[in-house]
Amino acid sequence: MPANPLPANPLPDAALLAGGAAGPRALRPLLDTVLDALAEGAAARCGPLPAGGPDAVTQLLERCGPTLPDHGTGALDALHTLVTALAAGAADPADPHCAAHLHAPPLAVAAAADLAASALNPSMDSWDQAPAASALEQRLTRDLAALVHPRGPGPDALVTTGGTEANLLGVLLARERLSPRLALLCGANAHHSVHRAAWLLGLPAPMVLPTPRGILDPAAVHDALTGLDTLNCTAGPPTPVLVVATAGTTDSGAIDPLPALADTVAAHRRGRPTALHVDAAYGGALLFSPAHRTKLAGLDRADTVTIDLHKLGWQPVAAGLLTVPDGRALAPLGHRADYLNAEDDTDAGLPDLLGRSLRTTRRPDILKIAVTIRALGTAGLAALVERTCDAARDLADRVAAEPRLTLHTRPAISTVLFRPAGADDEQVAAIRRRLLTEGRAVLGRARARDHDGRTVLWLKATLLNPHAQPSDLAALVKLVLDQTPRPRKDSSR
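Bear in mind the structure is a predicted one, so any value in this text is a computation, not a measurement. (Residues numbered from 1 in each chain as written. Predicted model: local features only at pLDDT ≥ 70, side-chain atom pairs only at ≥ 80, totals over all residues. Heavy atoms only, no water.)

### Describing the sheet that holds strand β11 (residues 442-449)
Across the sheet, five strands lie side by side as β1-β11-β12-β10-β9; this open sheet has mixed pairing. Unpaired on one side and paired on the other, β1 (98-99) and β9 (405-407) mark the two borders of the sheet. Summarising the sheet, β1 and β11 pair through two bridges and their orientation is parallel. Paired with Cys-98 across the bridge in β11 is Val-442. (Pairing = 2+ DSSP bridges. Helix = DSSP H or I, 4+ residues; strand = E, 2+ residues; numbered from the N terminus.)

The following block contains the structure:
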């Protein structure tokens, strides 16, 4: 008889495991409860987000009771209570009027695959924790990287949590390849994570070039690279530079002129170590579409590329990638921890996964991506991309046809900037906040130049819902117009 026998009392249902042969049996009633709660919460919300603003959401969650109870309420009650509350208080990107951010509605097939990833719970830091998941990741990341770098000698990609991590990796790899003295050069349209990457890596703040037209000017990049070392008081080797371009800006979806920027970088490589990173977190999925991939001409010439499939790829967060044309460029990320990738294990043929990320423990996010692509094929993904871009053009047409609204420019991808004609910035901001507080629409905000060259505030509709109908877009325009004061008639006439 063991000295310390196991307790006789059985564990509660809430302590059942999701994996193993018994896992599906434990999960089925819980999933039914979750799906019912999602439906109840969405019905209670009845719109893109809850009405009443932050205070209403706080009260909704307070009604759920304490967050650290002494005694549990059981699995079914806990799931029903909290999932219903979360759904009722959610900003739901599946609602066509939830269009503020690069916040995509995930496909049901991808969410179902994510459940399997959670139940199996592979950890992608050693082969003995993720045999099949790591093999799947190796195959699919190389295939996806080959879409970006079709002429690369050995394309490869790392799975990341999103654009911020991928951009950090791009800067890190450039620093390791070029020099610890690396300087960053980007446009004012670049994502804020470029600045954060420089800070995290102990590099000088990026040199930021104005982008009055919303895109990085290759001539300005040339001038900046040419004059970079002219103020140095002492002679020395030229400063290495990473030029960061953007294919799909957060504010407007604009795409920098990648072929000309790649030419500029190539020309300056003769005189200084220079590399090109393209943040295509938003626009990268255009590669799936024959109708739109030409917008990314020149992307294949980048040294590193960021892509987010939880944006224009309809994956649950997170689903980011950092691609390279030659997998050997990832060597600086190599790291040894004997309990994960002992040298003799690697020599014996066990895959070394630790150099595939800056993280140690990480989820098998590749599974949902693989399932989605297998279910839809690249042609199916292309159709979703094209439907979404078509919806953005439809919305732009409706705005342009409405005399009480001003369209900023035609959408490059699926972002439409517009504002009430004659409104000032305070009025534009107030319209957005009223729609939020009333739970009617979730629109973003962006500052950009108007047709007179003034920097003003615009409403931003980032369309990522391939199921949006023309009637949804017409209703969105009407919601904005209903919040917009009509111009006063001239009483002197």
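Right, picking up where we left off after that structure.
### Digging into the environment of Pro-273
By the element assignment, Pro-273 lies in the loop between α9 (258-268) and β6 (274-279). Judged by relative accessible area, Pro-273 falls into the partly exposed class, the value being 33%. Taking the C-alpha atoms as reference, Pro-273 lies 9.9 Å from Ala-174; in sequence the two are 99 residues apart. Sequence-distant contacts of Pro-273, defined by excluding residues within four places in its chain, comprise Leu-178, Pro-238, Thr-239, Pro-240 and Val-241. (Buried < 20%, exposed > 50% of the residue type's maximum accessible area, 1.4 Å probe, protein only. Contact = heavy atoms within 4.5 Å.)

### Overview of the nonpolar core
Val-278 and Leu-299 are the most contacted members of the largest nonpolar core, which has 54 residues in total. In this structure Val-278 touches Ala-245, Ala-247, Leu-258, Leu-299, Ala-302, Thr-304, Val-305 and Thr-306, once residues within four positions along its chain are discounted. Phe-418, Leu-476, Val-477 and Val-480 belong to the second-largest nonpolar core, a separate cluster that totals 27 residues. (Core = buried A, V, L, I, M, F, W, Y, C linked by side-chain atoms within 4.5 Å.)

### Some remarks on the pairing of strand β7 (residues 304-308)
Of all five residues in β7, five are buried; the element is thus mostly enclosed. Of the two faces of β7, the one lined by Thr-304, Thr-306 and Asp-308 and the one lined by Val-305 and Ile-307 are each fully buried. Looking at chain direction, β6 and β7 are connected through three bridges and run parallel. By the bridge assignment, Val-278 is partnered in β7 with Val-305. Note: β7 against strand β8 (residues 320-324), four bridges, orientation antiparallel. When the bridges of β8 are listed, Thr-306 appears paired with Leu-322.

### Considerations on α9
For the α-helix, the turn length of 3.6 residues means that residues three or four positions removed from each other point alike. Those residues of α9 that fall on the buried side of the exposure criterion are Leu-258, Leu-261, Ala-262, Thr-264, Val-265 and His-268. One side of α9 holds all its buried residues, which, seen down the axis, span an arc of 160°. Taken together, the buried residues of α9 touch α8 (218-226), β5 (241-246) and β6. (Arc of directions from axis to C-beta.)

### Comments concerning the pattern of salt bridges
One pass over the structure, following the stated rule, counts 23 salt bridges. Taking the shortest distance from any N to any O, the salt bridge between Asp-308 and Lys-311 comes out at 2.4 Å. Accessibility assignment for this pair places Asp-308 and Lys-311 in one class, buried. What emerges from the salt-bridge pattern is a single network uniting Asp-114, Arg-363, Asp-365 and Lys-368. (Salt bridge = Lys/Arg side-chain N within 4 Å of Asp/Glu carboxyl O.)

### Notes on a negative patch on the surface
Side chains of Asp-128, Asp-338, Glu-343, Asp-344, Asp-345 and Asp-347 sit close together on the surface and give a patch of like negative charge. Of the residues forming the negative patch, the biggest block, four residues, is contributed by helix α11 (residues 343-347). Within the fold, Asp-347 resides in helix α11. (Patch = residues over 30% accessible without salt bridge, like charges linked within 9 Å, V, L, I, M, F, W, Y side chains within 5 Å. Areas by Shrake-Rupley, 256 points an atom, 1.4 Å probe, with all protein chains shown as cover. Lys, Arg positive; Asp, Glu negative; His and termini not counted. Charge placed at Lys NZ, Arg CZ, Asp CG, Glu CD.)

### Brief notes about the sheet that holds strand β4 (residues 207-209)
Taken in spatial order, the seven strands of this open sheet run β2-β8-β7-β6-β5-β3-β4, and their pairing is mixed. Since the sheet does not close on itself, it has two edges, and those belong to β2 (156-160) and β4, each with one partner. Here the average twist between neighbouring strands, direction ignored, is 20°. Pairing of strand β3 (residues 183-187) with β5 involves four bridges; the strand directions are parallel. When the bridges of β5 are listed, Leu-185 appears paired with Val-243. Helix-sheet contacts for α9 involve β5 and β6, and the interaxial angle to β6 is about 160°. (Axes fitted to C-alpha atoms, helices over the stretch in contact; angles between N-to-C directions.)

### A few points about unusual backbone geometry
Backbone torsion omega between Val-317 and Ala-318 reads 10°, so that peptide bond is classified as cis. Mapping Ala-318 onto the fold places it in the loop between β7 and β8. For Cys-46, which is not glycine, the phi torsion reads 55° and is therefore positive. Relative to the helices and strands, Cys-46 resides in the loop between α1 (23-45) and α2 (53-62). Phi at Trp-314 takes a positive value of approximately 60°, unusual for a residue other than glycine. Within the element layout of this structure, Trp-314 appears in the loop between β7 and β8.

Function-wise, these values are silent; they only describe arrangement.
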